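Inside the fold
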Amino acid sequence: MLGTPYEVNATFFFVDMIELIAKGHVMESYFEYSWIEFLVEKKIIVGANDFLRSRLISDDENFSELQKLRAEFFIWRKAKIGI
């Protein structure tokens, strides 16, 4: 319904931003605790190389890696900003 894992991954930055705005969070430094920053800190994105994107394109029916990473992301974000 939402698309392939690759397509869903591409929307997380915006979905997360909308969620925080709806919760009343100040958005001045959103990038510091965004989905993209999480992937950079985990070295899944290094420079122009997005290793997650490459893996998701190669297996466009398996959401398990995204589910695992999203669970880690929410723990990481909660530690950074409490949400």
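Owing to the predicted nature of the structure, the values given are computational and were not obtained by experimental measurement.

Looking at the overall build of the protein chain
A tally of regular secondary structure across the protein chain gives 4 helices and 2 strands. Reading the helices (α) and strands (β) of the protein chain from amino to carboxyl end gives α-α-β-β-α-α. Scaling as 2.2 N^0.38, a compact globule of 83 residues should have a C-alpha radius of gyration of about 12 Å, and the protein chain matches this with 13 Å. With the C-alpha coordinates aligned to their principal axes, the bounding extent of the protein chain is approximately 35 × 30 × 20 Å. Scored against the burial criterion, the 83 residues of the protein chain give a buried share of 29%. Residue pairs at least 24 apart in sequence account for 63% of intrachain contacts in the protein chain once pairs closer than 6 positions are excluded. The centroid of the 10 positive side-chain charges in the protein chain is displaced by 6 Å from the centroid of its 13 negative side-chain charges.

Comments concerning the pattern of salt bridges
Opposite charge on two side chains lets them pair, provided their charged atoms get close. Within this structure, the stated rule accounts for 7 salt bridges. Residues Glu 72 and Lys 68 are paired through a salt bridge, measuring 3.3 Å at the closest nitrogen-oxygen approach. One end of the pair, Glu 72, and the other, Lys 68, are both in helix H4 (residues 64-81), 4 residues apart, so they sit about a helical turn from each other. The exposure class assigned to Glu 72 is partly exposed, which follows from its relative accessible area of 25%. Sharing partners across several salt bridges, the network here consists of Glu 19, Lys 23 and Arg 77.

Some words on a negative patch on the surface
Together, Glu 7, Asp 59, Asp 60 and Glu 61 make up a region of like negative charge exposed at the surface. Here Glu 7 is to be found in helix H1 (residues 5-22).

Things to note about the side chain of Arg 77
Relative to the elements of secondary structure, Arg 77 occurs in helix H4. When residues no more than four places from it in sequence are discounted, the contact partners of Arg 77 are Asp 16, Glu 19, Leu 20, Tyr 33, Gly 82 and Ile 83.

Conventions used here
- Residues numbered from 1 in each chain as written.
- Predicted model: local features only at pLDDT ≥ 70, side-chain atom pairs only at ≥ 80, totals over all residues.
- Heavy atoms only, no water.
- Helix = DSSP H or I, 4+ residues; strand = E, 2+ residues; numbered from the N terminus.
- Rg over C-alpha atoms; globule rule 2.2 N^0.38 Å.
- Buried < 20%, exposed > 50% of the residue type's maximum accessible area, 1.4 Å probe, protein only.
- Contact = heavy atoms within 4.5 Å.
- Lys, Arg positive; Asp, Glu negative; His and termini not counted.
- Charge placed at Lys NZ, Arg CZ, Asp CG, Glu CD.
- Salt bridge = Lys/Arg side-chain N within 4 Å of Asp/Glu carboxyl O.
- Patch = residues over 30% accessible without salt bridge, like charges linked within 9 Å, V, L, I, M, F, W, Y side chains within 5 Å.
- Areas by Shrake-Rupley, 256 points an atom, 1.4 Å probe, with all protein chains shown as cover.

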